[in-house]
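Working through the structure, step by step
Letter by letter, the chains look like this.
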Amino acid sequence: RTRLLGSRHDAEGAHAPDTQPRAGHADDVVDGGALEARDHPEHLRHGYLCRCDLHRGMPMDLAFASTAIAAREAAPVKALPDKLIMQGPKEVTMHQVGHTLGLRHNFKASTWRPLADMNDTGKTAEGGLVASGMDYSPANIAAPDETQGDYYSTTIGPYDVWAIEYGYKRLSGGTDGEVKELEKIAARSTEPELDYATDEDTRGIDADPLSNRFDLGADPLADARKRAELIAELWPGVVERMTEEGDGYQQARRAFGVLLGQHGRAVFFASRFVGGVYVHRDHKGEGSRAPYEVVDANKQREALALLEEQLFSDEPFDFPPELYNHLAASHWRHWGTGYSDRSDYAVHEVIGMWQDRVLSQLLSSVTLERLHDSELKVSADEDAFTAAELIQRLTHAIFAEADGIESADYSNRKPAVSSLRRNLQRIYLRRLSDIALGNRSAPDDCQTIAFVELDDLRSRIEQSLEGDVSLDDYSRAHLRESAARIEKVLDARLELPSP
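Anyway, here's the lowdown on the structure attached to this text.

Parameters at a glance
- Residues numbered from 1 in each chain as written.
- Predicted model: local features only at pLDDT ≥ 70, side-chain atom pairs only at ≥ 80, totals over all residues.
- Heavy atoms only, no water.
- Helix = DSSP H or I, 4+ residues; strand = E, 2+ residues; numbered from the N terminus.
- Contact = heavy atoms within 4.5 Å.
- Areas by Shrake-Rupley, 256 points an atom, 1.4 Å probe, with all protein chains shown as cover.
- 1 Å grid on protein atoms, 1.4 Å probe; cavity = no way out; pocket = protein on both sides within 12 Å on 5 of 7 lines; lining within 4 Å.
- Points joined across faces, edges and corners; volume = space filled by probe spheres on them.
- Nonpolar A, V, L, I, M, F, W, Y, C, P; charged D, E, K, R; others polar.
- Buried < 20%, exposed > 50% of the residue type's maximum accessible area, 1.4 Å probe, protein only.
- Polar contact = N/O pair within 3.5 Å; in protein donor to acceptor, adjacent residues only side chain to side chain.
- Patch = residues over 30% accessible without salt bridge, like charges linked within 9 Å, V, L, I, M, F, W, Y side chains within 5 Å.
- Salt bridge = Lys/Arg side-chain N within 4 Å of Asp/Glu carboxyl O.
- Core = buried A, V, L, I, M, F, W, Y, C linked by side-chain atoms within 4.5 Å.
- Axes fitted to C-alpha atoms, helices over the stretch in contact; angles between N-to-C directions.
- Parallel < 35°, antiparallel > 145°, perpendicular 65-115°, else oblique.
- Left-handed = near helix turned anticlockwise from the far one by under 90°.
- Lys, Arg positive; Asp, Glu negative; His and termini not counted.
- Charge placed at Lys NZ, Arg CZ, Asp CG, Glu CD.
- Phe/Tyr/Trp six-rings, centres within 6.5 Å; stacked < 30°, edge-to-face > 60°.
- Lys NZ or Arg CZ within 6 Å of the ring centre and 35° of its normal.
- Expected span 1.5 Å × (residues − 1).

**Considerations on the overall build of the chain**
In terms of helices and strands, the chain carries 18 helices and 2 strands. Of the contacts formed within the chain by residues at least 6 apart in sequence, a portion of 78% connects residues at least 24 apart. By element, 50% of the accessible surface of the chain is carried by carbon and sulfur atoms, the whole surface being about 23,100 Å².

This is the structure in structure tokens:
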């Protein structure tokens, strides 16, 4: 019975950017920790798997729910809905009682229902929003055109009933009869509502994009898009609707940080589809699935398109200056409070943190190795998303300006390449250079592709600089420096000892 029952298990830390996240410290409750196998030294230690941090991730979700509710109102909200206040703690209570009964986490339980059913209380009243209370479930926030249903599950799910039946049902008929009865119960494991993945399937280095903490719905990619669109709708009302007359602006800063953190979480889930492999624990038998299934190539491209739109573009972060200038830090200092080097909001650092984290996922050695291997796991006559396509597409999207800058009246206040784009390009260039130089354990094919991409990129940048367009100082310096850095990398790569 070890698959269904065990001690209290989980594997993540927590970080909720309520005031100002630190660069390089993304939400470990979400992503499961290190993205390189060599940086995951404790991933099989008992202590790593033997804890539950739901209580550390729930505050961020409750903060997002309250921010979403408040930001939609015409005036600051003085009281949250009773439904939210009651359902959140009940979710945590059901989860922890499940642990006392021996249930492990099930991070695939959230993929049971489609998003379209989440606000249909006629369906969710029986069985809940997710298939198990042993998942880490986020707050279910309805889109503007939907009627709000339950925020959290109000009852245990079908997986919980099944697992408890296997572990606690009174059996009779002697040893042979008990074994047959247990086999009969366990044989249901291929039913969709009983799908299962736990802590050791949900580390940063793991393959299955359906096994996540704090995702919702049968398609996490659709959930990521919905969440990003919802947050875009909430940005404009943050200051006015989160601050009451006579109050300071600290609550606006907290709300802004929560929204930015939720946006980062959404796009990170999308990034896991690139190089993803669905993992099934089925045993051989009628209706069983193969243990591994490469994510469809078009699904991977869809995920990358979402990242290009929501993270590698300036548009989602096109906030008015007055918003930034109202994000006041709290001056409260006491036990348990953190300190920041800056009281004003570190715009570039925080946005760059999420861009860097997602690029870490896309270009980690594990992701590239998995993509490279997947080419052999798909028939030659079938479409496959390749590591070469990933690197080429990232280079095109992130360095789009290298393909030509339209003529305009550029200045240091209105640059051809924005400061957010310049930062993103530096982050990407460092990572691509590391791959080309062999500083990461990426496949040799990926190193050669990175080398060629850098060589082509240098040529495109130089052609762009030689054009007739008059650039601002920032953009010209950035492009010249980028070309020079690439030249150094190419020279170093050529000088490396060959086998």
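Past the structure itself, the notes keep going.
**Some words on the layout of surface pockets**
Here the second largest pocket is characterised by a volume of approximately 500 Å³. Surrounding the second largest pocket, 17 residues form its lining, His 348, Arg 413, Ser 418, Ser 419 and Leu 420 being those nearest its centre. A total of 3 residues in the lining of the second largest pocket trace back to one element, the largest contributor, which is helix 16 (residues 419-436). Tallied by class, residues from the lining of the second largest pocket come to 9 nonpolar, 4 polar and 4 charged.

**As for the side chain of Thr 367**
Its location among the elements puts Thr 367 in helix 14 (residues 365-374). When its relative accessible area of 3% is taken as the criterion, Thr 367 is described as buried. Side chain to side chain, Thr 367 and Ser 364 meet in a polar contact 3.0 Å long. Non-local contacts of Thr 367, meaning those with residues more than four positions away in its chain, are made with Val 274, Gly 275, Gln 361 and Leu 362.

**Observations regarding the environment of Gly 257**
Relative to the assigned elements, Gly 257 resides in helix 10 (residues 250-271). Linking Gly 257 and Leu 327, residues 70 residues apart in sequence, is a C-alpha distance of 9.4 Å.

**Some points on a nonpolar patch on the surface**
Taken together, the side chains of Leu 80, Ile 85 and Met 86 make up a nonpolar region of the molecular surface, amounting to roughly 290 Å² of accessible area. Relative to the helices and strands, Leu 80 resides in the loop between helix 3 (54-71) and helix 4 (82-100). Residue classification places Leu 80 among the partly exposed positions, given a relative accessible area of 30%.

**A word on the nonpolar core**
Core analysis: the largest hydrophobic core is formed by 98 residues, its most contacted members being Phe 256, Phe 312, Leu 362 and Leu 394. Among all residues touching Phe 256, those that are not within four sequence positions of it are Trp 235, Val 238, Phe 319, Leu 323, Tyr 324, Leu 327 and Tyr 345. Counting residues in each nonpolar core, the second largest holds 12 residues, with Trp 162, Ala 163, Tyr 166 and Tyr 196 among its members.

**Regarding the packing of helix 15 (residues 387-398) against helix 16**
In a pair of packed helices, the angle between the axes and the distance between the axes together describe the arrangement. Contact geometry of helix 15 with helix 16 gives a least axis separation of 10 Å together with a crossing angle of 155°. Relative to helix 16, helix 15 is oriented roughly antiparallel. The two elements helix 15 and helix 16 meet at a crossing, and its hand is left-handed. Between helix 15, through Ile 391, Leu 394, Thr 395, Ala 397 and Ile 398, and helix 16, the contact on the second element is made entirely by Arg 421, Leu 424, Gln 425, Tyr 428 and Leu 432. Looking at the contact of helix 15 with helix 16 residue by residue, the class counts come to 7 nonpolar, 2 polar and 1 charged.

**With respect to a negative patch on the surface**
Together, Glu 369, Asp 373, Glu 375, Asp 444 and Asp 445 line one region of the surface with negative charge. You can see Glu 375 is positioned in the loop between helix 14 and helix 15. Its relative accessible area of 33% is what places Glu 375 among the partly exposed residues.

**A look at the packing of aromatic side chains**
This structure, assessed with the given rule, holds 10 aromatic pairs. Plain terms: the ring middles of Trp 235 and Phe 256 are 5.3 Å apart, the flat faces sit at 45° to each other, and that makes the pair tilted. Of this pair, Trp 235 sits in the loop between helix 8 (220-234) and helix 9 (238-242) while Phe 256 sits in helix 10, and the two are 21 residues apart along the sequence. The burial state of Trp 235 is the same as that of Phe 256; both residues are buried. An aromatic cluster of three or more residues is present, and its members are Trp 235, Phe 256, Phe 319, Tyr 324 and Tyr 345. Looking at Arg 213, its charged tip hangs above the ring of Phe 107, at a distance of 4.7 Å from the centre.

**Let's talk about the pattern of salt bridges**
Tallied over the full model, the rule gives 30 salt bridges. For Asp 195, the salt bridge goes to Arg 289, with nearest N and O atoms at 3.4 Å. Residue Asp 195 is found in the loop between helix 7 (174-186) and helix 8, and its partner Arg 289 is found in the loop between strand 1 (277-279) and strand 2 (292-294); the two are separated by 94 residues along the sequence. Exposure remark for Asp 195: the relative accessible area of 15% places this residue in the buried category. By relative accessible area, Arg 289 is classed as partly exposed at 30%. With a closest N to O distance of 2.7 Å, Lys 299 and Asp 219 form a salt bridge. Here Lys 299 is found in helix 11 (residues 297-310), whereas its partner Asp 219 is found in the loop between helix 7 and helix 8, with 80 residues between them in sequence. Connected through shared salt-bridge partners, Arg 51, Asp 53 and Arg 56 make up one network.

**Digging into the environment of Leu 103**
Tracing the backbone through its elements, the reader meets Leu 103 in the loop between helix 4 and helix 5 (121-124). The sequence separation of Leu 103 and Ile 164 amounts to 61 residues, and the corresponding C-alpha distance is 8.1 Å.

**A word on the packing of helix 6 (residues 158-168) against helix 7**
Where helix 6 contacts helix 7, the two axes come as close as 10 Å, and the packing angle between them is 170°. As far as their axial angle goes, helix 7 and helix 6 are roughly antiparallel. Contacts between helix 6 and helix 7 pair Trp 162, Glu 165 and Tyr 166 from the former with Leu 182, Ile 185 and Ala 186 from the latter. Residue classes in the contact of helix 6 with helix 7 are distributed as 5 nonpolar, no polar and 1 charged.

**Some details on helix 11**
Look at helix 11: 20 Å from first C-alpha to last across 14 residues, which is about the 20 Å you get at 1.5 Å a residue. Residues of helix 11 that are buried include every one of Ala 297, Lys 299, Gln 300, Arg 301, Ala 303, Leu 304, Leu 306, Leu 307 and Gln 310, and no others. Near the N-terminus of helix 11, the side chain that reaches the backbone nitrogen of Asn 298, with its oxygen 3.0 Å away, is that of Asp 296.

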